[in-house]
Amino acid sequence: MTLLTSVFLQIVQMLVVLALAPGLTGFVRWVKARLLARRGPSILQPYRDILRLLKKEAVLAHNASWLFRTTPYIMFTAIWLAAGLIPTFSTQLALAPTADLIALIALLGSARFFLALAGMDVGTSFGGIGSSREMMIAALAEPAMLMVVFSVAILVRSTSLAEIADFMMSGAVGLRISLALALISLVMVAIAENARIPVDNPATHLELTMVHEAMVLEYSGRHLALIEGASMLKLLLYAALIGCVFAPWGMAGPGADSAAVIRGLATFVLKLGVAGVLLAVFETSIAKMRVFRVGEFLGGALLLSLLGAIFLYVSRGV
Amino acid sequence: MHDLGYDAAHLLGAVVLLMSFALLYQRRLFALLHVFTAQALALSAAAAWQGYIQHAPHLYVTALLTLGLKAIVMPVALHRIVVKLNIHRTIEPALSVGLTMLAGVSLVTLSILLVMPVTESASALTREDLALSLSVVLLGLLMMITRRNAVSQVVGFMSIENGLILAAVGVAGMPLIVEMSIAFSVMVAFIVFGIFLFHIRERFDTLDMQKIESFRGESH
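As the structure is a prediction and not an experimental result, all values here were calculated from the model.

Cut-offs used in this document
Residue numbers here run from 1 along each chain, matching the order of that chain's written sequence. In the order they appear in the text, chains get letters beginning with A and ligands get numbers beginning with 1. In keeping with the model being predicted, local features are shown solely for residues with a pLDDT of at least 70 and side-chain atom pairs are shown and tallied solely at 80 or more, while totals for entire chains, interfaces and linings include all residues. As a rule here, side-chain values come from all non-hydrogen atoms in the structure, and water together with hydrogens is ignored. Numbering of helices and strands runs from the N terminus; a helix is a DSSP stretch of H or I covering at least four residues, while a strand is a stretch of E covering at least two. With the radius of gyration taken over C-alpha atoms, the globule rule is written as 2.2 Å times the number of residues to the power 0.38. A 1.4 Å probe rolled over the protein chains alone gives each residue an accessible area, and that area as a share of the maximum for its type sets the label: buried under 20%, exposed over 50%, partly exposed in between. Every residue pair with non-hydrogen atoms within 4.5 Å of one another is taken to be in contact. Per-residue and other accessible areas were derived by the Shrake-Rupley procedure at a 1.4 Å probe size, with only the shown protein chains allowed to occlude residues. A quick way to say it: buried area is the sum, across both parts, of accessible area lost when two parts are put together, with a 1.4 Å probe. For salt bridges, the criterion is a side-chain nitrogen of Lys or Arg within 4 Å of an Asp or Glu carboxyl oxygen. Note on aromatic pairs: the rings of Phe, Tyr and Trp (six-membered ring only in Trp) are paired at centre separations within 6.5 Å, and the planes decide the class, stacked below 30 degrees, edge-to-face beyond 60, tilted for the rest. Expected span, for any helix, means 1.5 Å times one less than how many residues it has. Method remark: on a 1 Å grid restricted to protein atoms, a set of points is classed as a cavity if a 1.4 Å probe fits but cannot get out and as a pocket if it is open with protein on both sides within 12 Å along at least five of seven lines; lining residues have an atom within 4 Å of a point. Grid points are joined across faces, edges and corners, and a volume is the space filled by probe spheres set on the points. Ten residues, namely Ala, Val, Leu, Ile, Met, Phe, Trp, Tyr, Cys and Pro, are considered nonpolar, four, namely Asp, Glu, Lys and Arg, are considered charged, and the remaining ones, Gly among them, are considered polar. We call a set of buried residues a nonpolar core when its members are Ala, Val, Leu, Ile, Met, Phe, Trp, Tyr or Cys and they connect through side-chain atoms within 4.5 Å of each other. For helices, the axis comes from a line fit to the C-alpha atoms of the stretch in contact; other axes are also lines fit to C-alpha atoms, and the angle between any two N-to-C directions lies between 0 and 180 degrees. Note on terminology: angles under 35 degrees are roughly parallel, angles over 145 are roughly antiparallel, angles of 65 to 115 are roughly perpendicular, and the others are oblique. For a crossing to be left-handed, the near helix must be turned anticlockwise from the far one by less than a right angle; the clockwise case is right-handed. Values of pLDDT, the confidence the predictor places in each residue, fall between 0 and 100.

Enquirer: Please explain the overall build of chain A as it appears in this structure.
Expert: Of regular secondary structure, chain A possesses 11 helices and 0 strands. Its helices and strands taken in sequence order, chain A reads α-α-α-α-α-α-α-α-α-α-α from the N to the C terminus. Taken over C-alpha atoms, the radius of gyration comes to 19 Å for chain A, in line with the 20 Å a tight globule of 318 residues would show. Along the first, second and third principal axes, the C-alpha atoms of chain A reach 60 × 45 × 45 Å. The 318 residues of chain A split such that 54% are buried.

Enquirer: Explanation requested: the overall build of chain B in the structure shown.
Expert: Counting secondary structure elements, chain B contains 8 helices and 0 strands. If you list the helices and strands of chain B from N to C, you get α-α-α-α-α-α-α-α. Buried positions account for 47% of the 220 residues belonging to chain B. In chain B, the proportion of contacts linking residues at least 24 apart, taken out of those at least 6 apart, comes to 75%. By element, 71% of the accessible surface of chain B is carried by carbon and sulfur atoms, the whole surface being about 10700 Å².

Enquirer: For this particular structure, what's the right way to read the interface of chain A and chain B?
Expert: Interfaces are often described in size by the accessible area the parts lose on coming together. Opposite the 25 residues of chain A that make contact, chain B presents 27 residues. Summed over both sides, the interface between chain A and chain B buries roughly 2300 Å², with carbon and sulfur atoms accounting for 71% of that surface. Inspection of the chain A/chain B interface yields 1 salt bridge. In this structure, E296(A) engages R27(B) in a salt bridge whose closest nitrogen and oxygen atoms are separated by 2.8 Å. The set of elements that each furnish at least two residues to the side of chain A that touches chain B consists of α7 (177-193) and α11 (294-311) of chain A.

Enquirer: Whenever I open this one, the packing of aromatic side chains confuses me. Can you help?
Expert: What characterises a pair of aromatic rings is the spacing of the ring centres plus the angle enclosed by the ring planes. Residue and element names in this part refer to chain A. In the structure shown here, the tally under the stated rule is 5 aromatic pairs over all chains. Between F68 and Y219 the ring centres are 4.2 Å apart and the planes differ by 0°, which places this aromatic pair in the stacked class. With a gap of 151 residues between them, F68 in helix α3 (residues 66-85) and Y219 in the loop between α8 (212-215) and α9 (221-246) connect regions that are remote in the sequence. Pair check on accessibility: F68 and Y219 agree, each one buried. Judged by centre distance (5.4 Å) and plane angle (70°), the rings of F113 and F114 are edge-to-face.

Enquirer: I'm lost on α9(A) in this one. Help?
Expert: Three or four residues apart is the spacing at which side chains of an α-helix point the same way, because the helix has 3.6 residues per turn. Taking 1.5 Å of rise per residue, the 26 residues of α9(A) would be expected to cover 38 Å, and the 38 Å separating its terminal C-alpha atoms lies within 8% of that figure. With respect to burial, α9(A) is a largely interior element, 23 of its 26 residues being buried.

Enquirer: Explain unusual backbone geometry to me, please; I cannot follow it from the model alone.
Expert: It is generally the case that most residues other than glycine have a negative phi and that most peptide bonds are trans. Of note in this structure, A37(A) is not a glycine but carries a positive phi near 65°. Of note in the backbone geometry, A195(A) takes a positive phi value of approximately 55° without being a glycine.

Enquirer: Explain empty space enclosed by the protein here, please?
Expert: Residues and elements named next belong to chain B. In total, this model carries 3 cavities of 30 Å³ or more according to the counting rule given. Considered as a void within the structure, the largest cavity measures approximately 100 Å³ in volume. The wall of the largest cavity is formed by 14 residues, among which A9, H10, G13, Q50 and D129 lie closest to the centre. Contributions of two or more residues to the lining of the largest cavity are made by α1 (4-25), α2 (29-54), α5 (124-146) and α6 (150-170). Its residues assigned to classes, the lining of the largest cavity shows 8 nonpolar, 4 polar and 2 charged.

Enquirer: Would you mind going over the nonpolar core with me for this structure?
Expert: Considering soluble globular proteins, one finds that nonpolar side chains tend to be buried as a cluster. In terms of nonpolar packing, the biggest core is built from 145 residues, with L241(A), F311(A) and L17(B) touching the most fellow members. Of all the elements, α9(A) adds the most residues to this core, at 18 residues. Not counting residues within four places of it along the chain, the set of residues in contact with L241(A) comprises I86(A), L101(A), L104(A), M145(A), L161(A) and L186(A). Grouped together as the second largest cluster of nonpolar side chains are 8 residues, L9(A), F89(A), A96(A) and A252(A) included.

Enquirer: Explain the packing of α7(A) against α1(B) here, please?
Expert: Two elements in contact, α7(A) and α1(B), have axes separated by 9 Å at closest approach and are oriented at 45°. Of the possible angle classes, the one that applies to α7(A) and α1(B) is oblique. In the crossing of α7(A) with α1(B), the sense of the turn from one axis to the other is right-handed. Taking contact as the criterion, the partners of I177(A), A180(A), L181(A) and I184(A) in α7(A) are, on α1(B), H10(B), L11(B), A14(B) and L18(B). Split into classes, the residues belonging to the contact of α7(A) with α1(B) amount to 7 nonpolar, 1 polar and no charged.

Enquirer: Would you explain the confidence of the model for chain B in this entry?
Expert: Atomic detail in the predicted coordinates should be set aside for any region of low pLDDT. Averaged over every residue, the pLDDT of chain B is 79; residues scoring 70 or more account for 82%. Averaged over each element, pLDDT in chain B is lowest for helix α8 (residues 209-216) of chain B (53) and highest for α2(B) (90).

Enquirer: Is there a simple way to think about the pattern of salt bridges in this case?
Expert: Residues and elements named next belong to chain A. Considering all chains together, one arrives at 9 salt bridges over all chains under this definition. Where K234 meets E193, a salt bridge forms, and the shortest distance between an N and an O atom there is 3.7 Å. Placement of K234 in helix α9 and of E193 in helix α7 is noted, with a sequence separation of 41 residues between them. Of the two residues, K234 and E193, both sit in the buried class. A salt bridge links E283 to R196; the shortest N-O distance between them is 3.1 Å. Residue E283 is located in helix α10 (residues 258-285), and its partner R196 is located in the loop between α7 and α8; the two are separated by 87 residues in the primary sequence. Side by side, E283 and R196 carry an identical accessibility label, which is buried.

Set out below in structure tokens:
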């Protein structure tokens, strides 16, 4: 695989994640509406929302600092870059050598750090509540995610995503307790990080229990468009990450021709569809939990991932 | 490099362990019973799978017993008892859920540390099976300690028994498994029955009209 093709694949990857992210969010909303026997908005609605927001004027509070204005750009860039790092349809990306799981967590962490700061910047009480809750969730979700990364890294002996995907595709590893526990833990973290239902409600705007929406309440216009886009990208990122580590089948491996790449793209869209349906079914069948139970939920995720790492040493062939 | 027999046995054992953790996490009595049913189903699948890979037909009997008694009869009976006696549906843990989960993971680590040196020469499957089932037993004990409600203590006791059966099923050539599982089931039935009677008595005590009247100060 020459440098040129890998650069080309990388550019395609960046564009594909950007183009598909609002579609995934719209798809989840549509499936949820159908499950509730409503017709639901079109899958294209998030695209229209973002275009509308981009055309609108951005209104800033008088006391908003430079931090408030730059945060949407920083956040969007960090998450877009992170989403671009994950091998979605091919493992031969130009950024593959840098696509490290720990770097990925760092990118997501810095995006969250700036958003929490921006939530407090204007000084409204809603923003402060949102930021403090977001940090509470992050303090528990990040260690859980790191433990998942460690379990996978011990098994594969690498933290590079491309190598992990290649290793999982090679079939050298069978069904494992550790991987099953890591998968459950990662799904729990993904639900918390994307502000989905048992932890936060993505559909409400005025509720005292909201987390993510409370932080971005002061944003408008293009800033809001960027933040909304970034959270849609984040949902796609987690779906792609789970797909890449636990179900990498169909991805174009080393030395693949263009037909394999196109097949990889098709299976990626299929995987996103499956993930979207599962998420919608899960969200419809469960009630939101109290904010103070989120600690138990994510503590459970942390303990499961810890258990996964422990079981690596009992299992065969480590 | 890997064979399906090992992988599936390993994963079914893990599901049983995971259900033990789910039991510790539950706060509602009915949800607890549902999780217990799921654990019994996983155990019965594990027993049947072991019977298949060990070519031991008597394990199918164990699987059927588990399926019939633990996954159908017991949950239904407990469900009816809870409804009939109008037991309070939320579980009051003596220890907070977070701390219980932490204690649970420590117990799993303990059982792994205990099993590893003893089974140095055994096959990976036996070693893992013993570690898993010892963890399930210890988690069941933890559940009995940390729950105040009698029904959830019974569920904890039955999950201990599930752990023992998981261990017995996984070791090739273990005699009297079927007899053992029948004996345990009878014992559990007696415990459930005992609690049923106990609750009836408790209810009659509190529903005694004379006592209620003496509370109100009407009878002298």
